[in-house]
Amino acid sequence: MGINIFYVVSFLLFFVSSQNSIVHGRSLNSINEKPDPKDVVATARWLVSQNFWGVLNTISIELQGAPFGNLVSFSDGLPNKGKGIPYFYLTKLDPTARNALKDSRASFTVSEYPLGTCGRIDPENPACSKLTLIGKLKLVYKKSKEAEFGRNALFSKHSEMKGWPKDHHFKVYKLEIDNIFLVDWFGGPKPINRKEYLHPKI
């Protein structure tokens with residue numbers, strides 16, 4: 001009887017441990033190592049590359065211009081080959097796409113917390129990185145090479161999207177980045193300009 005209890009307890013401890021080490025169906029070991037907080041460009045690009053979802057904010061056309069935040073899936077490229085520009089798969093059945101087609105101003109926020117690399121600290125703790133990209137949410141021309149790139153990028157991270165209803169008319173959108181807001185350590189936001197973010201030094 002004692003042996004059975006030992007095995008049960010051991011299994012439960014292993015199960016809990018394994019669940020805590022998995023994020024979005026992949027092991028924490030598959031998440032690239034977090035850059036040094038002093039390398040702000042690398043940290044910003046890392047946050048976009050490693051994350052699967054974030055909060056996309058648009059200007060509501062149905063709520064008299066109130067800000068409207070929506071949790072959305074995204075991708076900036078094939079795994080570990082991202083370009084830093086978030087692509088989204090949106091339908092006009094959702095307010096976000098309708099808003100963007102009327103007023104393209106938008107911002108997109110991702111956090112390190114969902115990656116599981118913040119440990120036990122609160123998501124608002126400055127040591128748990130967060131990034132907001134501000135710009136314009138634009139529809140990508142359906143027959144363009146960029147739209148093909150966007151679909152490949154999205155489907156590589158979100159394979160379920162391939163089977164989403166055709167009659168919902170999902171289309172590829174992207175955030176054209178104008179400004180970047182990053183907090184990855186104590187001392188307030190770190191300045192990053194658009195050029196160095198999109199074309200980082202390797």
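Residues numbered from 1 in each chain as written. Predicted model: local features only at pLDDT ≥ 70, side-chain atom pairs only at ≥ 80, totals over all residues. Heavy atoms only, no water.

The chain is annotated in an unreviewed UniProt entry as CREG-like beta-barrel domain-containing protein of Crotalaria pallida.

Trainee: Teacher, can you tell me more about the pattern of salt bridges here?
Mentor: Between side chains of opposite charge, a pair can form when the charged atoms approach closely. In this structure the tally under the stated criterion is six salt bridges. For Arg 98, the salt bridge is made with Glu 62, and the minimal N-O distance between the two is 2.8 Å. With Arg 98 in helix 3 (residues 95–102) and Glu 62 in the loop between strand 3 (53–59) and strand 4 (67–73), the pair connects residues that are 36 residues apart, well separated along the chain. A relative accessible area of 25% means that Arg 98 is categorised as partly exposed. Across the pair Asp 103 and Arg 105 runs a salt bridge whose closest N-O atoms are separated by 2.8 Å. Relative accessible area serves as the criterion here: at 19%, Asp 103 is assigned to the buried category. (Salt bridge = Lys/Arg side-chain N within 4 Å of Asp/Glu carboxyl O. Helix = DSSP H or I, 4+ residues; strand = E, 2+ residues; numbered from the N terminus. Buried < 20%, exposed > 50% of the residue type's maximum accessible area, 1.4 Å probe, protein only.)

Trainee: What am I meant to see in the nonpolar core here?
Mentor: Proteins that are soluble and globular tend to have nonpolar side chains buried together. By size, the foremost hydrophobic cluster in this structure holds 29 residues, and its most contacted members are Phe 88, Leu 131 and Tyr 197. Of all the elements in the fold, those that place two or more residues in this core are helix 2 (40–50), strand 5 (87–90), helix 3, strand 6 (105–111), strand 7 (130–139), strand 8 (171–183) and helix 5 (194–198). Top contributing element to this core by residue count: helix 2, with six residues. Excluding its chain neighbours within four sequence positions, the residues that come into contact with Leu 131 are Ala 44, Leu 47, Val 48, Phe 108, Thr 109, Val 110, Ile 180, Phe 181 and Leu 182. Grouped together as the second largest cluster of nonpolar side chains are nine residues, Tyr 87, Leu 154, Met 161 and Val 172 included. (Core = buried A, V, L, I, M, F, W, Y, C linked by side-chain atoms within 4.5 Å. Contact = heavy atoms within 4.5 Å.)

Trainee: Which parts of the structure should I look at to understand the pairing of strand 6?
Mentor: The side chains of a regular strand alternate between both faces of the sheet. Among the seven residues of strand 6, five are classified as buried, and the element is accordingly described as predominantly covered. Here four bridges tie strand 3 to strand 6, and the two strands are oriented antiparallel to one another. When the bridges of strand 6 are listed, Asn 57 appears paired with Ser 107. Pairing geometry for strand 6 and strand 7, over seven bridges, is antiparallel. Note on strand 7: the bridge partner recorded for Ser 111 is Lys 130. (Pairing = 2+ DSSP bridges.)

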